[in-house]
Structure formats: structure tokens, C-alpha cells
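# Per-entry structural report
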Amino acid sequence: GQQVMQIPQYQHVQEGEDFTTYCNSSTTLSNIQWYKQRPGGHPVFLIQLVKSGEVKKQKRLTFQFGEAKKNSSLHITATQTTDVGTYFCAGGGGTSYGKLTFGQGTILTVHP
Amino acid sequence: DVKVTQSSRYLVKRTGEKVFLECVQDMDHENMFWYRQDPGLGLRLIYFSYDVKMKEKGDIPEGYSVSREKKERFSLILESASTNQTSMYLCASRIGLEETQYFGPGTRLLVL
């Protein structure tokens, strides 16, 4: 079945440094969604990418969807302590009823 | 605001017990999902439902069953709890295919 691999599993940065997490799918995706889970919280939707090569920005966050629609990245510029949490990508592969396959998540720690 | 609620935040059960986890959403969403979240494994789909009385197996359905008698409620049942079912269980709902998923707060289940 479809697999979505996400790296790195952990990332520790100093406040102000940049951060990137990457997702790779074993199959072509119809869309990719990104979620953030704060410590002790539940995943919260950030964004959805649908088009090949799409780039979207939300303030300091930049999301990219690869040309082949098999990979994606989330880049945070100048991290802040409020960015801590686990970031998940989730790929929609056109399977039955739009099932999402989640990556393992990247746990981001920001040191002040 | 979409609200997804789960019946318990924390639950302790004994091996062999039957366990019911309840999820309710208040936005008339058609699709509902049950995931389990384990460190390093991300979110894995157990079952999902795209309509009342309809269900489909996810990636790890073994040892679980579900029930959806009403649109707003989706129940996860552990027929005979085992220690390897100790996990965080997250319910989610969405309005339609390839739309945002809204997550509940999660139930942390410990099986002794």
C-alpha cells in the first residue's frame, strides 16, 4: 500500500534558526496536507497542496509540493518557541474515499 | 467552529476487557476516522466511515471494530483489550473527500 516517509524524526534548533521537514511518498499523491500537533494537543490542519510544483506561504512557513507529486516539504524561517510541536504530512492518494496516509512526523524543539 | 469530542481523555483497562471509545462531531460531517498514534509511527488509520452504517478498514484494523449508527457519532470498540493496544486514540471528521480533517482531543488508553 501507499507509504509516506517523513524525515527527520527529530530536530532541535536554536530560536532564530531555520527548520525543514521532508515527506516522500511511494506513490503519486492527489494532494498533500500538513498538520501541526502542539505538545499534549491534537493535530491541527495547516494547509493543503494540490497542484504539481505548488508553493504556498503562511507567514514564516513555506510549503512545497514536488513536480512529480511524490514529495513535499515544510520550511520554517527564523523559528520561534511557539513553533515547537510535531509536524505531520498526510498524503491523499486517490484511494477509496480519499483516505490520508500520514508520515511519522517531525518533532521540533526550539531552544530560546 | 467544528467541534470533535471524545468520551474520555484518559482510560485504564485490564487485559481482556471490552473497551468503547466514543467520538462525536457537531458539524454534520459525512466522513469520520479513528487513528492510533504511537511514538515514531505517526498516525495510523484503524477504521473510517463515509456514511451512517458504512465503514471501511484502514491500515491496522485487527483487534478493533467500529459502529456508526448516527451521523454524528463514531465508536471504536476493542473486543478484548490487549497490552499492545495501549496508545493514544484520535478521532477525526471531515465534510468530504480531500478536505481538512478535524481532530478530537484524543483518548490515552492504558491496558494493564
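Residues numbered from 1 in each chain as written. Chains lettered and ligands numbered in written order. Predicted model: local features only at pLDDT ≥ 70, side-chain atom pairs only at ≥ 80, totals over all residues. Heavy atoms only, no water.

### Structural notes on the side chain of R94 of chain B
Residue and element names in this part refer to chain B. Position of R94 relative to the elements: it lies in strand 9 (residues 87-94). When its relative accessible area of 0% is taken as the criterion, R94 is described as buried. In this structure the side chain of R94 is engaged in a polar contact, spanning 2.8 Å, whose partner is the side chain of N31. (Helix = DSSP H or I, 4+ residues; strand = E, 2+ residues; numbered from the N terminus. Buried < 20%, exposed > 50% of the residue type's maximum accessible area, 1.4 Å probe, protein only. Polar contact = N/O pair within 3.5 Å; in protein donor to acceptor, adjacent residues only side chain to side chain.)

### Observations concerning the environment of D18 of chain A
Residues and elements named next belong to chain A. You can see D18 is positioned in the loop between strand 2 (10-14) and strand 3 (19-25). Here D18 falls in the partly exposed class, since its relative accessible area comes to 42%. Through-space distance from the C-alpha of D18 to that of I76 is 5.6 Å; in sequence the pair is 58 residues apart. When near neighbours in sequence (up to four residues on either side) are disregarded, D18 contacts V13, H75, I76, T77, A78 and T79. For D18, the side chain forms a polar contact with the main-chain nitrogen of A78, separated by 2.8 Å. (Contact = heavy atoms within 4.5 Å.)

### Description of the layout of surface pockets
The volume enclosed by the largest pocket comes to roughly 500 Å³. Lining the largest pocket are 26 residues; nearest its centre among them are Q37 and T86 of chain A together with Q37, P39 and R108 of chain B. Put simply, the parts of the chain that give the lining of the largest pocket at least two residues each are strand 9 (85-92) and strand 11 (106-111) of chain A together with strand 4 (31-38) and strand 9 of chain B. In terms of residue count, strand 9 of chain A provides more of the lining of the largest pocket than any other element does, three residues in total. Partitioned by chemical class, the residues of the lining of the largest pocket number nine nonpolar, 13 polar and four charged. (1 Å grid on protein atoms, 1.4 Å probe; cavity = no way out; pocket = protein on both sides within 12 Å on 5 of 7 lines; lining within 4 Å. Points joined across faces, edges and corners; volume = space filled by probe spheres on them. Nonpolar A, V, L, I, M, F, W, Y, C, P; charged D, E, K, R; others polar.)

### Concerning the state of the cysteines
All names here are of chain A. Tallied over the full model, the rule gives two disulfides over all chains. Disulfide pairing places C23 opposite C89 at an S-S distance of 1.6 Å. Taking the sign of the S-S torsion, -85° for the link of C23 and C89, the bridge is left-handed. On the criterion of sequence distance, the pair formed by C23 in strand 3 and C89 in strand 9 is long-range, its members being 66 residues apart. (Disulfide = S-S within 2.5 Å.)

### Points about unusual backbone geometry
All names here are of chain A. Looking along the chain, the bond that leaves I7 and enters P8 is cis, with omega of -5°. Of note, P8 is situated in the loop between strand 1 (4-7) and strand 2. With a phi close to 55°, K59 is a non-glycine residue in the positive phi region. With respect to the helices, strands and loops of the structure, K59 is situated in the loop between strand 6 (55-58) and strand 7 (61-65). Take K59: its relative accessible area is 86%, and that puts it in the exposed class. Here A78, not a glycine, exhibits a phi torsion of approximately 50°, which is positive. Mapped onto the secondary structure, A78 falls in the loop between strand 8 (71-76) and strand 9. According to the relative accessible area criterion, A78 is partly exposed, its value standing at 32%.

All we've got here are geometric facts, nothing functional implied.
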